[in-house]
Amino acid sequence: MNVLIVESPAKAKTINKYLGKDFTVLASFGHIRDLPPKDGSVRPDEDFAMDWATDARSEKHLKEIVQAVKKADKLFLATDPDREGEAISWHVLEELKRRKALNTTTIKRVTFNAITKAAVTDAINNPRDLDQELIDAYLARRALDYLVGFTLSPVLWRKLPGSRSAGRVQSVALRLICQREAEIEAFRTQEYWSVAANLLSPQGKPFTARLTHLDGQKLDKLDLPDATAAERARQAIASAALAVKSIERKNVKRHPAAPFTTSTLQQEAARKLYFSATKTMTLAQRLYEGVTVGGETIGLITYMRTDGVQMAPEAIHDTRVLIGQVWGEKLVPASPRVYKTKQKNAQEAHEAIRPTNVFLKPADVRDALDHDQFRLYELIWKRTVASQMESALLDQMSVDVADPTGAVVLRATGSTVVFDGFLKLYREDLDDAGDGDDENGRILPPLAEGDATAIAAILPEQHFTQPPPRYSEASLVKRMEELGIGRPSTYASIMQVLQDRDYVKLDQRRFVPEDRGRIVTAFLEKFFEKYVGYTFTADLENQLDDISGGQLDYKTVLRNFWKDFMSYVEGTKNLRISEVLDALDADLAPHLFPTREDGHDPRKCPTCGEGRLSLKLGKFGAFIGCSRHPECRYTRPLGTGDGQDGGGDEASERELGTDPASGLLVTMRKGPYGVYVQLGEAEGKKKPKRASLPKGQSPAEMDLEKALSLLSLPREVGIHPETGEMILAGLGRFGPYLKHGDKYVNLREDNVLEIGINRAVDLLAAAKTREKAPAKEIGPHPADQKPITLHDGRYGPYVEHNKVRATLPRGSDKDALTLEQAVALLAAKVAKDGGPAKAKAEPKKAAPKKTTSRKKAAASDAATNDAENDLPPFDLDDAPAAAAPKTARKTVTKKAAAPKSGTAKAAPKTTAKKTAAKKTASE
């Protein structure tokens, strides 16, 4: 008998259909073991020895694997074809050795880039051994992330109460977001003007030209700073005798973009489909693992964690054949296109992300996929096919119109598409595109040199310079890739961790740093500058790649890193919190105390008028307080401006202006459920109109225009193209929503004031698809034989039995849920809520003893700390997509870092001095 091990049950189910009865295909459910989240799991003093532990969930799957392998002649380790997949295979093999399950079993490693029968069969016929160099690179990365997290996080907790944790790559990504926010805050808007003229050709055909030269000098962007300068330019144009001075024509080829890599897929899915990086990778995983199409289970795309842009020769051939069949031979280039990546640290170990069978068009698989899966497959399919299509040909034309002396010159530009090429199928989107006119499609009339032109109108236009945009998920991924920070497969988890720890938030799909994140970044930049440096982090990634290439010893890399890192940590031991506060207060002053337009000192206490405001730290985190404390008790949270309104709740209450339609005063106020805007005042029993501020909307940024927009909700978005009914957008008790007929859809990422008709129709269609999905019966509950059903809910999939509902853990594969797992989830839910049986069995408890206010505060602190440290303090950059949720650890294996088989040993004893740090880290 042969046993083949993969990560996920969905993949196991697909492959099992290919291999037949001679194979038993089992899933490890991601990593089967990990470093225990406690101090001492990696020990630099013992040459970086590591302890590995399995949790209760993994134990169950391991037992099944052990039983099968004991009876097997051959064991095929078929986990994913990357560094993480190699590590999972190594962990499985080490556990099998430790449990003496191998005997005479032959062990082979197989990899395939696509889950198709041909790819799987070919891999099994061409096995290899485990790649020790990839395993070493994994061990180095895991040790680095652990050591940084478990060493740096306690420093943060001691010096910055309220901070959560720091990570090797996560902290650098946070720095990028915080630095961009500082650039935006430091930006000062400048006024400038441009001047255009509507001209007429000798035949009376209109065209538009922009002023480029005045008084014989080329104009830069800011050379017309005000209306006076713009008026002088207008008069110069009006008095000039304009004629065509020169004409430039050229044919330009626009080439298609390369097929998707992990990062470019995340970027384009964010731009076109509004998917988060996490959602994109989850959907791609499902497409890779396989769906049933026409009665056959097949993986629809190749492996989705890759930085390669190349395609297999047979895939290129099939794509070119398809293009010829569908669009004709004129769209097939003379020779196949070959792409090479420009990304730093690119390994190009795998193909680009492409359809496994390009002849399976999106329409052919629509019924086999849900709405979002279909849209992602369609995006991948179009990008792949377009990458092998002929280039587009554009005819570009530039015309300079000037007076005889050359003192005034205007330029008109335009282009026409002569040959569509790949644009017939696909056009790539851009991040943060400028607001300049798009020349594509603008056609200039026939003109010749010397032609006199008449002036129809002169159009001066006022502009203001704009600050750099905040990072979106797409642009942050692009920037990290440019700098060589992290790995494409880790970007989604990095961004999710930053949000989970409340270091950043997403506002209109843009990252905004929270004050907690800015303080952590300021601390790390001040005292650990080297370790949040972009060059240092990228160089470390290069070293990890050199380890995987066999060019560096991984323990040498760890020793060099640890020696320098500990010197930085030692340098912070004698730091007083007052020194830290002074440094952070100075660094964050432009953010915490912005310059006031009225010239008043932003640090002057608004309550006592004598004290100086500065950054303070309490047991619940940072805040702004007066230097005359305790005589003056003025405090305010971070990030609420200069505090001129007195701080506290009052800082949110102010007049915004008068509604021009009703003449009523518009005010912003704070109530028990948050900040809201109000029109007018109450008249008798008649309540005034109110609207809550949407989540993510800063009270400091609220003005009259925004307030009136909120008060006008619900607003009409547009007519639905299918039903002819109006789509409304509004704010309700559960947040922003869309309404179409009697159907409501929550808005999670979109701005209720800005969402357009196309996006609204997409969201309604996605919701309709989810509604159509029927409940899936898992099986009968062993207690009463009544069915357990699986549903898709607002907050994710859940199981239900006898009106008890239990949500599946985040990251779980709902399609792989077993009856046993469903029963366990329901039992845990009943136990947590206190079911009927429990309520009857429990005796009546005595009234609780009174608790002093000090004890209550201590209990509250403990609860807060538990909630804040619900994630491991080390970096989760390399956490696999299908990692098991952390539960009670059952088995701890103490091993040297060198990947040799070992035996289980007791965990090392720890001194009393380390106990507190260990307890905090494990929380």
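Placed above this text is the structure.
The structure presented is a predicted model; accordingly, all values stated were derived computationally and were not measured. (Residues numbered from 1 in each chain as written. Predicted model: local features only at pLDDT ≥ 70, side-chain atom pairs only at ≥ 80, totals over all residues. Heavy atoms only, no water.)

**Observations regarding the overall build of the protein**
Secondary structure assignment for the protein yields 25 helices and 33 strands. The long-range share in the protein, meaning contacts at least 24 apart out of those at least 6 apart in sequence, stands at 68%. Roughly 45,500 Å² of accessible area belongs to the protein as shown, and the carbon and sulfur atoms make up 50% of that amount. (Helix = DSSP H or I, 4+ residues; strand = E, 2+ residues; numbered from the N terminus. Contact = heavy atoms within 4.5 Å. Areas by Shrake-Rupley, 256 points an atom, 1.4 Å probe, with all protein chains shown as cover.)

**Some thoughts on the sheet that holds strand 23 (residues 674-679)**
The four strands are arranged 21-22-23-24 in an open sheet whose pairing can be described as antiparallel. Since the sheet does not close on itself, it has two edges, and those belong to strand 21 (654-658) and strand 24 (689-692), each with one partner. Neighbour to neighbour, the strand axes of the sheet diverge by 25° on average, direction disregarded. Pairing of strand 23 with strand 24, which is carried by four bridges, proceeds in the antiparallel orientation. Along strand 24, the bridge assignment pairs Tyr676 with Ser692. (Pairing = 2+ DSSP bridges. Axes fitted to C-alpha atoms, helices over the stretch in contact; angles between N-to-C directions.)

**Describing the environment of Ser8**
Residue placement: Ser8 occurs in the loop between strand 1 (2-6) and helix 1 (9-19). For Ser8 and Ser28, which are 20 residues apart along the polypeptide, the C-alpha to C-alpha distance reads 6.6 Å. In this structure, Ser8 is in contact with Ala27 and Glu289, ignoring residues within four places of it in sequence. A polar contact is formed between the side chain of Ser8 and the side chain of Glu289, at a distance of 2.5 Å. (Polar contact = N/O pair within 3.5 Å; in protein donor to acceptor, adjacent residues only side chain to side chain.)

**Digging into the sheet that holds strand 32 (residues 804-807)**
Hydrogen bonds between backbone groups are what pair the strands of a sheet, and the pairing can be parallel or antiparallel. If you trace the four strands from one edge of the open sheet to the other, you get 29-30-31-32, paired in antiparallel fashion. Each of the sheet's edge strands pairs with one partner strand only, and the pair in question is strand 29 (776-780) and strand 32. Ignoring which end each strand starts from, the neighbouring axes of this sheet average 25° apart. Note that strand 29 and strand 30 (residues 787-793) share four bridges and pair antiparallel. Directly across from Gly779, in strand 30, lies its bridge partner Ile788. Here helix 22 (residues 819-833) sits on the sheet in contact with strand 29, strand 30, strand 31 (796-801) and strand 32, set at roughly 110° to strand 32.

**A look at the environment of His255**
With respect to the helices, strands and loops of the structure, His255 is situated in the loop between strand 10 (243-254) and helix 8 (262-273). C-alpha of His255 to C-alpha of Ala386: the two residues are 131 residues apart in sequence and 9.6 Å apart in space. Apart from residues lying up to four places away in sequence, His255 is in contact with Arg337, Ser391 and Phe422.

**Looking at empty space enclosed by the protein**
Under the counting rule described, the total for this entry stands at two cavities of 30 Å³ or more. Considering only enclosed or pocket space, the largest cavity measures out at about 110 Å³ in volume. Of all the elements, helix 16 (residues 534-548) adds the most residues to the lining of the largest cavity, at three residues. (1 Å grid on protein atoms, 1.4 Å probe; cavity = no way out; pocket = protein on both sides within 12 Å on 5 of 7 lines; lining within 4 Å. Points joined across faces, edges and corners; volume = space filled by probe spheres on them.)

**Some details on helix 9 (residues 277-289)**
For helix 9, with 13 residues, the first-to-last C-alpha span of 18 Å sits near the 18 Å given by 1.5 Å per residue. Residues of helix 9 that are buried: Ala277, Thr280, Met281, Leu283, Ala284, Gln285, Arg286, Leu287, Tyr288 and Glu289. Check the buried side of helix 9 and you find it contacts helix 1, helix 8, strand 11 (291-293), helix 12 (371-387), helix 13 (473-483) and helix 14 (491-500). Following helix 9 by one or two positions, Gly290 adopts a phi angle in the positive range, close to 125°. (Expected span 1.5 Å × (residues − 1). Buried < 20%, exposed > 50% of the residue type's maximum accessible area, 1.4 Å probe, protein only.)

**Quick word on the packing of helix 5 (residues 132-159) against helix 16**
Where helix 5 meets helix 16, the axes come as close as 7 Å, and the angle between the chain directions of the two elements is 150°. Accordingly, the angle class assigned to the pair helix 5 and helix 16 is roughly antiparallel. Residues Glu133, Leu134, Asp136, Ala137, Ala140, Arg141 and Leu144 of helix 5 pack against Leu540, Glu541, Leu544, Ile547 and Ser548 of helix 16. (Parallel < 35°, antiparallel > 145°, perpendicular 65-115°, else oblique.)

**Observations regarding unusual backbone geometry**
For the peptide bond that leads from Leu713 to Pro714, omega is 0°, which places it in the cis range. Following the sequence through the fold, Pro714 ends up in the loop between helix 20 (704-711) and strand 25 (715-719). Positive phi, close to 65°, is recorded for Arg509, a residue that is not glycine. On the secondary structure map, Arg509 appears in the loop between strand 16 (504-507) and strand 17 (510-513).

**Topic: the pattern of salt bridges**
In this structure the tally under the stated criterion is 44 salt bridges. When the shortest N-O distance is used, the salt bridge between Asp762 and Arg375 registers 3.8 Å. One end of the pair, Asp762, is in helix 21 (residues 757-772); the other, Arg375, is in helix 12, with 387 residues separating them in the sequence. Here Asp762 falls in the partly exposed class, since its relative accessible area comes to 29%. A single salt-bridge network, built from bridges that share partners, covers Arg33, Glu59, Glu95, Arg98 and Arg99. (Salt bridge = Lys/Arg side-chain N within 4 Å of Asp/Glu carboxyl O.)

**Side note on the environment of Pro688**
Mapped onto the secondary structure, Pro688 falls in the loop between strand 23 and strand 24. Judged by relative accessible area, which is 12%, Pro688 ranks as buried. Taking C-alpha positions, Pro688 is 6.7 Å from Gln678, a pair spaced ten residues apart along the chain.

**So, the nonpolar core**
The biggest cluster of nonpolar side chains holds 140 residues, and the ones touching the most others in it are Leu4, Leu300, Ile301, Leu376, Phe523 and Phe528. Among the elements that make up this core, the one with the highest residue count is helix 5 (14 residues). In this structure, Leu300 is in contact with Leu287, Val291, Val293, Arg354, Pro355, Thr356, Leu360, Val365, Leu369 and Tyr377, ignoring residues within four places of it in sequence. (Core = buried A, V, L, I, M, F, W, Y, C linked by side-chain atoms within 4.5 Å.)

**Things to note about helix 16**
Spacing of three or four residues puts side chains on the same side of an α-helix, whose turn is 3.6 residues. With 15 residues, helix 16 extends 22 Å from end C-alpha to end C-alpha; this agrees with the ideal 21 Å at 1.5 Å per step. Restricting attention to buried positions, one finds in helix 16 the residues Tyr534, Thr537, Ala538, Leu540, Glu541, Leu544, Asp545, Ile547 and Ser548. Buried positions in helix 16, seen along its axis, are confined to an arc of 165° and lie on one side of it. Against helix 3 (83-98), helix 5, helix 6 (170-186), helix 13 and helix 17 (554-571) lie the buried residues of helix 16. Positive phi shows up at Gly550, right after helix 16, with a value of about 80°. (Arc of directions from axis to C-beta.)

**A few points about the pairing of strand 2 (residues 23-27)**
Within strand 2, four of the five residues are buried, which leaves it mostly tucked inside the rest of the structure. As judged from the five bridges shared by strand 1 and strand 2, these two strands associate in the parallel manner. For Asn2, the partnering residue across the bridge sits in strand 2 and is Phe23. Regarding the hand of the β-α-β motif, the stretch spanning strand 1, helix 1 and strand 2 is right-handed. (Right-handed = clockwise from strand over helix to strand, strands pointing away.)

**Concerning the state of the cysteines**
Considering all chains together, one arrives at zero disulfides under this definition. The closest cysteine sulfur to the non-disulfide-bonded Cys626 is located on Cys605, 3.7 Å from its own sulfur. You can call Cys626 buried: its relative accessible area is 2%. (Disulfide = S-S within 2.5 Å.)

**Here we look at the side chain of Arg518**
Checked against the element boundaries, Arg518 lands in helix 15 (residues 515-527). Polar side-chain contacts of Arg518 include one of 3.2 Å to the side chain of His591. Arg518 has contacts with Cys178, Glu181, Ala182, Glu185, Pro513, Leu588 and His591, leaving out every residue within four places of it along the chain.

**Describing the packing of aromatic side chains**
On inspection of all chains with the given rule, the structure shows 17 aromatic pairs. Here the aromatic rings of Tyr531 and Tyr568 are separated by 5.0 Å at their centres, their planes lie at 90°, and the arrangement is edge-to-face. Taken together, the residues Tyr531 in the loop between helix 15 and helix 16 and Tyr568 in helix 17 connect sequence positions 37 residues apart. Here the aromatic cluster, defined as three or more aromatic residues joined through ring pairs, consists of Phe523, Phe527, Phe528, Tyr531, Phe536, Phe561, Trp562, Phe565 and Tyr568. The ring of Tyr534 has Arg175 sitting right over it, with the charged end atom 4.8 Å from the ring centre. (Phe/Tyr/Trp six-rings, centres within 6.5 Å; stacked < 30°, edge-to-face > 60°. Lys NZ or Arg CZ within 6 Å of the ring centre and 35° of its normal.)

**Remarks on the pairing of strand 13 (residues 392-402)**
In terms of residue burial, strand 13 counts as a mostly covered element, since eight of its eleven residues are buried. For strand 10 and strand 13, the ladder comprises eleven bridges, and the chain directions are antiparallel. Residue Asn251 lies in a different strand from strand 13, and its bridge partner there is Asp395. In the sheet, strand 13 pairs with strand 14 (residues 408-419) via ten bridges, with the strands oriented antiparallel. Residue pairing in the sheet places Leu394 in a bridge with Val417 of strand 14. Remark: five residues form the turn of the hairpin made by strand 13 and strand 14, two consecutive strands paired antiparallel; Gly406 in that turn has positive phi of roughly 80°.

What is shown is where atoms sit, not what they do.
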